[in-house]
Amino acid sequence: MPVELFHPALDSVELDSVYAALADRHRRGVVVVLARTPDAEVACTTLDLPGAKSTRSYHWKVLREAGLILQRSTGTGMLLRLRPDFERRFPGLLGNLLSLTDAH
């Protein structure tokens, strides 16, 4: 049975939470991967994130609760995607992140 996960309303997403989530290089890397294919859903297991399953789950929770991603249970796994309405809340933020990442 799929698990219902908390996703904040777009208007309650705060820039401080977004920056805190992106401060971790592993979470930032996940957002960059998702931002490169914004309409795609990706299985959590396909993302290169070190650590135990509980650590990876924690990173997904931080990104989800910061309002950066949507996470969906399939019953046997989880799918992630970039939150499609994020750009409306913080125009240009993800584009700048991609530009900065591609520059290095």
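You'll find the structure just up there.
Our subject in this report is the structure included herewith. (Residues numbered from 1 in each chain as written. Predicted model: local features only at pLDDT ≥ 70, side-chain atom pairs only at ≥ 80, totals over all residues. Heavy atoms only, no water.)

With respect to helix 1 (residues 15–22)
We count it as follows: Whether a residue is buried, partly exposed or exposed follows from its accessible area with a 1.4 Å probe, protein chains only, as a fraction of its type maximum: under 20%, in between, or over 50%, in that order. A run of H or I in DSSP becomes a helix once it reaches four residues, and a run of E becomes a strand once it reaches two; helices and strands are each numbered from the N terminus. Summarising the geometry, the arc corresponds to the directions from the helix axis toward the C-beta atoms.
Taken residue by residue, helix 1 has Val18, Ala21 and Leu22 as its buried positions. Take helix 1 and look down its axis: the buried residues cluster within an arc of 95°, on one side only.

Brief notes about the environment of Met78
What counts here: Only heavy atoms enter the contact rule, under which two residues are in contact if any of them lie within 4.5 Å.
Within the fold, Met78 resides in strand 3 (residues 78–82). Look at Met78 and you get partly exposed, because its relative accessible area is 24%. Residues Met78 and Leu100, 22 residues apart in the sequence, show an inter-C-alpha distance of 28 Å. When residues no more than four places from it in sequence are discounted, the contact partners of Met78 are Leu5, Val42, Ala43, Cys44, Gln71, Arg72 and Ser73.

Description of the packing of helix 2 (residues 25–36) against helix 3 (residues 53–65)
Condition: Here, axes are lines fitted to C-alpha atoms. For helices the fit covers the stretch in contact, and angles between N-to-C directions go from 0 to 180 degrees. In these notes the angle categories are as follows: under 35 degrees is roughly parallel, over 145 is roughly antiparallel, 65 to 115 is roughly perpendicular, and the rest is oblique. A clockwise turn of the near helix away from the far one marks a right-handed crossing, whereas an anticlockwise turn of less than a right angle marks a left-handed crossing. Think of it as three bins: nonpolar holds Ala, Val, Leu, Ile, Met, Phe, Trp, Tyr, Cys and Pro, charged holds Asp, Glu, Lys and Arg, and polar takes everything else, Gly as well.
Relative to each other, helix 2 and helix 3 sit at 65°, their axes nearing to 10 Å. As the angle between them shows, helix 2 and helix 3 are arranged roughly perpendicular. Crossing of helix 2 over helix 3 shows right-handed handedness. For the pair helix 2 and helix 3, contact is made by Arg27, Val30 and Val31 and by Tyr58, His59, Trp60, Val62 and Leu63, respectively. Residue composition of the contact of helix 2 with helix 3, by class: six nonpolar, one polar and one charged.

Examining the environment of Glu87
Counted only if it meets this: Polar contacts, as counted here, are pairs of nitrogen or oxygen atoms within 3.5 Å of one another; within protein the pair requires one atom able to donate a hydrogen and one able to accept it, and residues that are adjacent in sequence qualify only if both atoms are side-chain atoms.
Mapped onto the fold, Glu87 is located in helix 4 (residues 86–89). Taking the C-alpha atoms as reference, Glu87 lies 15 Å from Leu63; in sequence the two are 24 residues apart. Excluding residues that lie within four positions of it along the chain, Glu87 makes contacts with Gly92 and Leu94. At a separation of 2.6 Å, a polar atom in the side chain of Glu87 contacts the main-chain amide nitrogen of Gly92.

Structural notes on the side chain of Arg81
Convention followed: Asp and Glu are treated as the negative residues and Lys and Arg as the positive ones, with His and the ends of the chain left uncounted. Here a salt bridge means any side-chain nitrogen of Lys or Arg lying within 4 Å of a carboxyl oxygen belonging to Asp or Glu.
With respect to the helices, strands and loops of the structure, Arg81 is situated in strand 3. In this structure, Arg81 is buried with no salt-bridge partner, the nearest side chain bearing the opposite charge being Asp39 at 4.1 Å. Within the structure, the side chain of Arg81 is placed 3.5 Å from the backbone oxygen of Pro38, a separation counted as a polar contact. The residues contacting Arg81, other than those within four sequence positions of it, are Leu34, Pro38, Asp39, Ala40, Glu41, Leu68, Ile69 and Leu70.

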